[in-house]
Amino acid sequence: MTTDSSRGAQTVLAPGATIGILGGGQLGRMLALAASRLGLNINIYSPSADCPAATVAQSATVGEFDDVEAIIAFSQTCDAVTYEFENVPAMSAKAASSVTPLRPGARALDVSQDRLVEKSFLRDQVGVEVASFEDIGNVYDLKRAVKRLGLPCVLKTRRFGYDGKGQVIIREEAEIANAWDTLAPAACILEAFIPFTREVSIVAARGLTGHIAAYPLTENVHRNHILHTSTAPAKQDDGSAAKIAAKILDQLDYVGVMGVEFFQMEDGSLVVNEIAPRVHNSGHWTQDAGCVDQFEQHIRAVAGWPLGDAVPRHSVVMTNLIGTDITAWEDFAATPRTRLHLYGKTETREGRKMGHVNQIV
Ligand code: AMP
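Reading the values: rules and limits
- Every chain is numbered independently, its residues counted from 1 as its sequence is written.
- It should be noted that, the model being predicted, local features are given only for residues of pLDDT at least 70 and side-chain atom pairs only at 80 or more, the latter also being counted only at that level, while totals for whole chains, interfaces and linings use all residues.
- In computing side-chain values, all of the structure's heavy atoms are included and hydrogens and water are not.
- Strands were regarded as paired on the criterion that DSSP finds at least two bridges between them.
- Helix and strand assignments come from DSSP, with helices taken as H or I runs of at least 4 residues and strands as E runs of at least 2, each series counted from the N terminus.
- Every axis in this analysis is a line fitted to C-alpha atoms, fitted for helices over the stretch in contact. Angles between the N-to-C directions lie between 0 and 180 degrees.
- For this description, a residue counts as near a given molecule or strand if any of its non-hydrogen atoms is within 4 Å of it.
- Contacts described as polar in this section are N or O atom pairs within 3.5 Å, which, within protein, must combine one atom able to donate a hydrogen with one able to accept it, while residues neighboring in sequence count only if both atoms come from side chains.
- Only the protein chains shown count as covering a residue, and every accessible area follows the Shrake-Rupley method with a 1.4 Å probe.
- All amino acids are sorted into three groups, where Ala, Val, Leu, Ile, Met, Phe, Trp, Tyr, Cys and Pro are nonpolar, Asp, Glu, Lys and Arg are charged, and the leftover types, Gly among them, are polar.
- Two residues form a contact once any of their heavy atoms are found within 4.5 Å.
- The term salt bridge refers to a side-chain nitrogen of Lys or Arg lying within 4 Å of a carboxyl oxygen of Asp or Glu.
- Categorising residues by exposure relies on relative accessible area from a 1.4 Å probe, with only protein chains included: less than 20% of the type maximum marks a residue as buried, more than 50% marks it as exposed, and the intermediate range marks it as partly exposed.
- When describing relative orientation, an angle under 35 degrees is termed roughly parallel and one over 145 degrees roughly antiparallel, while 65 to 115 degrees is termed roughly perpendicular and anything else oblique.
- Definitions for this section: a left-handed crossing has its near helix turned counterclockwise from the far helix by less than a right angle. A right-handed crossing has that turn clockwise.

What follows concerns the sheet that holds strand β3 (residues 59–62). With respect to topology, four strands assemble into an open sheet ordered β3-β2-β1-β4, the strand pairing being parallel. This sheet does not close on itself; its edge strands, each paired only once, are β3 and β4 (80–83). Here the strands of the sheet are splayed against their neighbours by 25 degrees on average, with no regard to which way each runs.

Quick look at the site of the ligand now. Close contacts around the ligand come from 15 residues, with K156, E191, I194, E199 and E274 the closest. At 3.0 Å, a backbone N or O of A192 approaches a nitrogen atom of the ligand. Here E199 contributes a side-chain N or O atom positioned 2.5 Å from an oxygen atom of the ligand. Considering the ligand on its own, with 480 Å² of exposed area, one finds that the protein chains cover 91% of that surface. Broken down by secondary-structure element, the contributors of at least two residues to the shell around the ligand are β6 (153–157), β8 (188–192), β13 (256–264) and β14 (270–276). When its residues are assigned to classes, the shell around the ligand shows six nonpolar, three polar and six charged.

Strand order across the open sheet formed by four strands is β5-β8-β6-β7, with antiparallel pairing between neighbours. The open sheet has two free edges, formed respectively by β5 (133–136) and β7 (167–170), since each of these has just one partner strand. This sheet shows a mean twist of 20 degrees between the axes of neighbouring strands, independent of strand direction. Strands β5, β6, β7 and β8 of the sheet are contacted by helix α5 (residues 115–126), whose axis makes an angle of about 150 degrees with β5. Here helix α7 (residues 176–183) sits on the sheet and contacts β5, β6, β7 and β8; the angle it forms with β7, its principal contact strand, is near 180 degrees.

Let us look at the pattern of salt bridges. One pass over the structure, following the stated rule, counts 19 salt bridges. When the shortest N-O distance is used, the salt bridge between R158 and D135 registers 3.6 Å. Here D135 lies in strand β5 and R158 lies in the loop between β6 and β7, a separation of 23 residues in the sequence. Across the pair E219 and R198 runs a salt bridge, and its minimum N-O distance is 2.8 Å. Here E219, found in strand β11 (residues 218–223), pairs with R198, found in strand β9 (residues 198–206); they are 21 residues apart in sequence, far enough to count as distant. Looking at E219, the relative accessible area reads 28%, which means it is partly exposed. Take R198: its relative accessible area is 12%, and that puts it in the buried class.

Turning to the side chain of S201, a few remarks are in order. Mapped onto the elements of the fold, S201 is located in strand β9. For S201, the side chain forms a polar contact with the side chain of S282, separated by 2.7 Å. With residues up to four places along the chain from it excluded, the contact list for S201 reads P216, L217, T218, N220, V260, E261, F262 and S282.

In this section: the pairing of β13. A large share of β13 lies buried, amounting to nine of its nine residues. Of the strand pairs in this sheet, β9 and β13 are connected by nine bridges, and their pairing is antiparallel. Note on β13: the bridge partner recorded for S201 is E261. Pairing analysis gives six bridges linking β13 to β14, with the strands arranged antiparallel. Each bridged residue has a counterpart across the sheet, and for F262 the counterpart in β14 is V272. Hairpin geometry of β13 and β14 is characterised by an intervening segment of five residues between the two adjacent antiparallel strands and by a positive phi of about 90 degrees at G268.

The next subject is the pairing of β8. Looking along a regular strand, one sees side chains alternate from face to face of the sheet. Among the five residues in β8, five count as buried, and that is most of the element. Of the two faces of β8, the one carrying C188, L190 and A192 and the one carrying I189 and E191 are both buried. Note that β6 and β8 share five bridges and pair antiparallel. Bridge assignment links C153 to a residue of β8, and that residue is A192.

With that settled, consider the packing of helix α1 (residues 26–37) against helix α9 (residues 294–303). How two helices pack is summed up by the angle between their axes together with the distance between the axes. Axis separation between α1 and α9 bottoms out at 8 Å; the angle between their running directions is 70 degrees. Viewed along their axes, α1 and α9 adopt a mutual orientation that is roughly perpendicular. Handedness of the crossing formed by α1 with α9: right-handed. Along the contact surface, α1 presents L27, M30, L31, A34, A35 and R37, while α9 presents F295, E296, H298 and I299. Here the residues of the contact of α1 with α9 are counted per class, giving seven nonpolar, one polar and two charged.

Here it is in structure tokens:
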């Protein structure tokens, strides 16, 4: 244990301290690499010993995410704990926070794990615009809600949805029963369809002292429901996305990096789609923009250090390498002004994020 102030909410970690990360995917890997540069050690907690993050971290602990005793034992070896995915069970997060600082805190997980809780929080507590939504427990709720929200609309599972999984667009009344059968018996929400002109996001950090550093607005293009490219800084940014992100961070008394995804309407107004209480795929461009990247920024926040410079010196286009896209790695490696980031995954699967390239423009 290496901390230079007392254990608790305000603990600041000194170089040589250990940060535990719940989750061992590519986000954990890039967090571990950033932490190493700052002289901090990382212990990865993951069910798999050879996950992408474990191979670059100082230590790794194998355990299930719902094994509360194992999480407590792991947390006792760490000076602070963070997470790289939002589906850490609430019980486990609370157990970790009972023995060591958990940053961001368990409330950010409670809010972001359930789309109904998340949308209610954003609309009622933060006071920002979200799609109109209804809680759906059965097909009768769904029929009534479709009448209220109108067509088209989007049925989503409340939990465990990502990359377009766990959601169905309903375009006509005749599709209602089928949409319900596709997702049932999961608890769902129905959202009004937002006729957006583009999708944008903000990645922002809040430090232990409440200081906020936001990266510029990023424009995102999806392919097959998976993020394809992120371009930053996005054209036409009036600063309102950063203001919304700051309100969310303050409301959660958040410590760390968060991704906030928006739909932008023709008149420029923003509707919040969802929040991710972690480093975010649409922030990978920061690695090659000449500023402190989102991974180092998160580690700085978790360690209680001052936040770094979030002002990019270059524009960057990030492209995800999904599945067999990775076979062109040599071409990317040979392309000028292009940086290749590979996640060390040994198995290539359709839809799997294998790496990304940042093109400096
Ligand atoms: P999500 O899993 O909620 O991030 O949704 C994945 C993608 O589906 C979004 O990036 C949008 O392209 C689309 N989408 C989700 N919800 C809506 C909505 N209410 N209206 C229009 N498009 C949506």
